[in-house]
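Breakdown of the fold
Listed here are the chains, written in short residue letters.
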Amino acid sequence: MKKICVYCGANFNGDPLLKQSIELLAEVMVNNHIDLVYGGGKVGVMGLIADAVLAKGGQVEGVIPQFLMDKEVGHTNITKLHITENMHERKQLMSDLCDGYITLPGGLGTMEEFFEVLTWLQLGLHNKPIGILNVNGYYDFLLKQLDVMVEQRFLKPVNRELVLSSADPIELINLMNSFKPDVDEVWFRDRNFI
Ligand code: AMP
């Protein structure tokens, strides 16, 4: 992987372990010559990961729609800032630019971005690895919910396996590097299926 797209919150909750994980992720990326692609803001976890990669000498590309430049305070000191017309263009460009995705703690926007690329993987629209950096158990319930989807037969087990997760950035990047897409693109069953 040459570029990883990181989805993360426009807020930061002050968790020192999260701060530490962000620093470590940045270090692992820079040491492995992996550039950061992200939402382009300088607030919250977004700003922290961008600044951490820059501080370690890495390259950072931000992608932000014009209307969020003011609201989310676009980061103007990064390697490259792409300004798009709208959110759809932003998410498409972020996805096109990268070779894999990592989700850090965040809110609704982060979830929307994570599930969008996960569903695109399930549909066979890309074959890039998707990782969750599960810092401090933040995503335990999300991962559990995916298991419930499998138990309740709304998600095929093989597609559940597409989600890579670890609390450790090094392990997560290793998992992503060895990811071999094994997707069941026929994700639906006949309605009479019991
Ligand atoms: P959040 O996780 O809500 O703090 O948002 C993190 C990032 O997700 C921000 O850069 C948002 O602009 C972005 N985002 C992407 N899609 C959406 C969406 N549909 N609604 C809100 N935020 C979004």
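Analysis parameters
Residues numbered from 1 in each chain as written. Predicted model: local features only at pLDDT ≥ 70, side-chain atom pairs only at ≥ 80, totals over all residues. Heavy atoms only, no water. Core = buried A, V, L, I, M, F, W, Y, C linked by side-chain atoms within 4.5 Å. Buried < 20%, exposed > 50% of the residue type's maximum accessible area, 1.4 Å probe, protein only. Helix = DSSP H or I, 4+ residues; strand = E, 2+ residues; numbered from the N terminus. Contact = heavy atoms within 4.5 Å. Axes fitted to C-alpha atoms, helices over the stretch in contact; angles between N-to-C directions. Parallel < 35°, antiparallel > 145°, perpendicular 65-115°, else oblique. Left-handed = near helix turned anticlockwise from the far one by under 90°. Nonpolar A, V, L, I, M, F, W, Y, C, P; charged D, E, K, R; others polar. Phe/Tyr/Trp six-rings, centres within 6.5 Å; stacked < 30°, edge-to-face > 60°. Arc of directions from axis to C-beta. Polar contact = N/O pair within 3.5 Å; in protein donor to acceptor, adjacent residues only side chain to side chain. Pairing = 2+ DSSP bridges.

Structural notes on the nonpolar core
Grouped together as the largest cluster of nonpolar side chains are 52 residues, with contacts concentrated most on L36, I102 and L104. Counting residues per element, this core draws most heavily on helix α1 (residues 16–31), at 7 residues. Those residues in contact with L36, other than ones at most four positions away along the chain, are I4, V6, M29, I49, A50, V53, Q59, V60 and E61.

Some details on the environment of L24
Assignment of secondary structure puts L24 in helix α1. Expressed as a C-alpha distance, the spacing of L24 and A52, which sit 28 residues apart in the sequence, is 8.9 Å.

Observations regarding the packing of helix α4 (residues 87–97) against helix α5 (residues 108–122)
Running from N to C, α4 and α5 point in directions that differ by 60 degrees, and their axes come no closer than 12 Å. Viewed along their axes, α4 and α5 adopt a mutual orientation that is oblique. Both α4 and α5 take part in a crossing whose hand is right-handed. Across from R90, K91, Q92, M94 and S95 in α4, the residues of α5 making contact are E112, E113, E116, V117 and W120. Tallied by class, residues from the contact of α4 with α5 come to 3 nonpolar, 2 polar and 5 charged.

Observations regarding the packing of aromatic side chains
If you walk through the whole model with that rule in mind, you get 3 aromatic pairs. For the ring pair Y138 and Y139, a centre distance of 4.7 Å and an interplane angle of 75 degrees mean the geometry is edge-to-face. Exposure remark for Y138: the relative accessible area of 43% places this residue in the partly exposed category. With a relative accessible area of 3%, Y139 lands in the buried category.

Quick notes on α4
Looking at α4, one finds that the buried residues are R90, K91, M94 and S95. Viewed end-on, α4 has its buried residues packed into an arc of 125 degrees, placing them on one side of the element. Opposite the buried face of α4, by more than 90 degrees, sit the exposed residues H88 and D96. A distance of 3.2 Å separates the backbone nitrogen of H88 from a side-chain oxygen at the start of α4, and that oxygen is part of N86.

Quick word on the sheet that holds strand β6 (residues 130–133)
A sheet is described by the order of its strands in space; here 7 strands give the open sequence β4-β3-β2-β1-β5-β6-β7, paired in parallel fashion. Looking along the sheet, the strands with just one partner apiece sit at the ends: β4 (80–84) and β7 (163–166). When strand polarity is set aside, the average angle formed by the axes of neighbouring strands in this sheet is 25 degrees.

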